[in-house]
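Tertiary structure, described
As a plain string of letters, each chain reads:
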Amino acid sequence: MVVAGQACSQNHAGSPTSPRLSTPHEWEPAARLPYRRADSSRHCRAAAVAGSIIFSTFMNLYKEVIRPFLFLGDPESVHHLAMDVLSLFGPVLQRFGPTPDPRLERTVFGLRFPNPVGLAAGFDKNGVALPAWQGLGFGFAEIGTITARAQPGNPKPRIFRIPQYRALINRLGFNNDGCDAIACRLQRLKETTQWPKIPVGINLGKSKVTPLAEATADYLLSFERLQHFGDYFVLNVSSPNTPGLRNLQDRAALDELLGHIQRRNTAGRPVLVKIAPDLQWEAIEEILALVEEHKIAGLIATNTTIDHSGVPEENHTQGGLSGAPLRDRSTEILRFITSRSKVPVIAVGGIMSADDALQKFDAGAALVQLYTGYIYEGPGLIGKINRALLRRG
Ligand SMILES: Cc1cc2nc3c(=O)[nH]c(=O)nc-3n(C[C@H](O)[C@H](O)[C@H](O)COP(=O)(O)O)c2cc1C
């Protein structure tokens, strides 16, 4: 049985539903945001210039110097190290990050995005580095997958690099701190000036110990606990690493889940569904009908694939494949959706270059997200995509 909804400890000041919370929609368009306070003094300007130089040097050195060094370590340990650094330096990055260009702004499902390139779910599962994502230039960031109960995930090792194919296989299994701890963390951040000025998505999944038949209650619990912190919510029913989870993409199960979530969605947050690349066309058509029926704000296409034919057999291991070998299937799914429906789609899967991202926009994506491309190409990939979009006009 899920036990959640505990209050944050005293030093977290305020309850999760404290009236002091700004609503997620209160942030302003990028061009008018106080990304940098009035830098009246010369010191501030010098610091900003130095910050920008360090930032762009880091971007340029990533593939030549930083990535070879990072790839010496175990993927998950390196990830934790990177997250520690980003959570520590997030506020600094936030202050000296790139200035948003108003020409890149998009309004999708009622939210304003300073640019259309976001961080995909799974990178910041626990929402520990939110200021950093804005500072690194992302136009939005999706945290999670978060489950109602804290859980350790599958036994290690559980992330595998396949560098020759610019791919990863992971079977993490929703390791995360659980909705209570994360709600408290988000609450503390809301009470500072560091809450990001980009939309924050919250991706929800089912706790492993909760039987599939009780999945809806499990999602509802974390949705209600986190409802005040997300600009949009994603129901992740497509991870291959939680037994049975993908059955929630079936018509009856999804109908029940979407119906209950939307009934409790009193604040009217955009709710999206993230789908697998391994679905048959008929299954996607059924999902599209449910999306319309339940007024779902958008789809995220796609999660990782269980089809490992894109990498050599010696690399096959249990888990979801992401990166370059996923790109075309993911785009095929995107095209299928956009040819049949007007529902906005966030495209994710195999975006390793600006051209890959343009291909997703050409196929009808409203926004894009990065995960594996970010690991292989580094933070410079965001700027490359945005500059390519500007060049295209
Ligand atoms: C290590 C790893 C962990 C992931 N964890 C999650 C997760 O918790 N929730 C989720 O919805 N997707 C998760 N994903 C899937 C990504 O968000 C994305 O949908 C997928 O990797 C395809 O995009 P990519 O090719 O750019 O990586 C994860 C991917 C990777 C590689």
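Please read all numbers here as calculations on a predicted model, not as lab measurements.

Residues at a pLDDT of 70 or more form 88% of the protein, whose mean pLDDT is 90. Of the regions scoring below 50 in pLDDT, residues 10-39 engages in 37 contacts with residues more than four places distant in sequence or in other chains.

Look at helix H7 (residues 281-293): 19 Å from first C-alpha to last across 13 residues, which is about the 18 Å you get at 1.5 Å a residue. Taken together, the buried positions of H7 are Ile284, Ile287 and Val291. One side of H7 holds all its buried residues, which, seen down the axis, span an arc of 55°. Across H7 from its buried face, at more than 90 degrees, point the exposed residues Glu282, Glu292 and Glu293. Residues of H7 that are buried in the fold lie against helix H6 (251-264), strand E9 (271-275), strand E10 (298-301) and helix H8 (327-340). Lys295 sits one or two positions beyond H7 and adopts a positive phi of about 50°.

Looking at the secondary structure, you find Leu226 in helix H5 (residues 215-226). Note: C-alpha distance between Leu226 and Cys179 (47 residues apart in sequence) is 6.9 Å. Discounting chain neighbours no more than four positions away, the residues touching Leu226 are Ile146, Cys179, Ala183 and Ile202.

Attention now moves to the sheet that holds strand E11 (residues 320-323). Within the open sheet, the three strands sit side by side as E5-E6-E11. Their pairing is antiparallel. Single-partner strands in this sheet number two, and they are strand E5 (159-162) and E11. Shown here is a sheet whose adjacent strand axes are inclined to one another by a mean of 20°, direction ignored.

Inspection of the region around the ligand gives 28 residues, with Ala120, Gly122, Ser322, Tyr371 and Thr372 positioned closest. A class-by-class count of the residues in the shell around the ligand yields 11 nonpolar, 15 polar and two charged.

This paragraph deals with the nonpolar core. Counting residues in each nonpolar core, the largest one holds 92 residues, and the members touching the most others are Leu272, Leu299 and Val345. For this core, the leading source of residues is H5, giving five residues. Excluding residues within four positions of it along the chain, Leu272 makes contact with Tyr232, Phe233, Val234, Ile296, Ala297, Gly298, Leu299 and Ile300.

Attention shifts here to the sheet that holds strand E3 (residues 117-119). One closed barrel accounts for eight strands, arranged E3-E4-E7-E8-E9-E10-E12-E13; its pairing is parallel. Sheet twist, expressed as the mean angle between neighbouring strand axes with direction ignored, is 25°.

What counts, and at which threshold
Residues numbered from 1 in each chain as written. Predicted model: local features only at pLDDT ≥ 70, side-chain atom pairs only at ≥ 80, totals over all residues. pLDDT = per-residue confidence, 0-100. Contact = placed C-beta atoms within 7 Å. Helix = DSSP H or I, 4+ residues; strand = E, 2+ residues; numbered from the N terminus. Expected span 1.5 Å × (residues − 1). Buried ≥ 20, exposed ≤ 12 C-beta atoms within 10 Å, placed from the backbone. Arc of directions from axis to C-beta. Pairing = 2+ DSSP bridges. Axes fitted to C-alpha atoms, helices over the stretch in contact; angles between N-to-C directions. Near = placed C-beta within 6 Å. Nonpolar A, V, L, I, M, F, W, Y, C, P; charged D, E, K, R; others polar. Core = buried A, V, L, I, M, F, W, Y, C linked by C-beta atoms within 7 Å.

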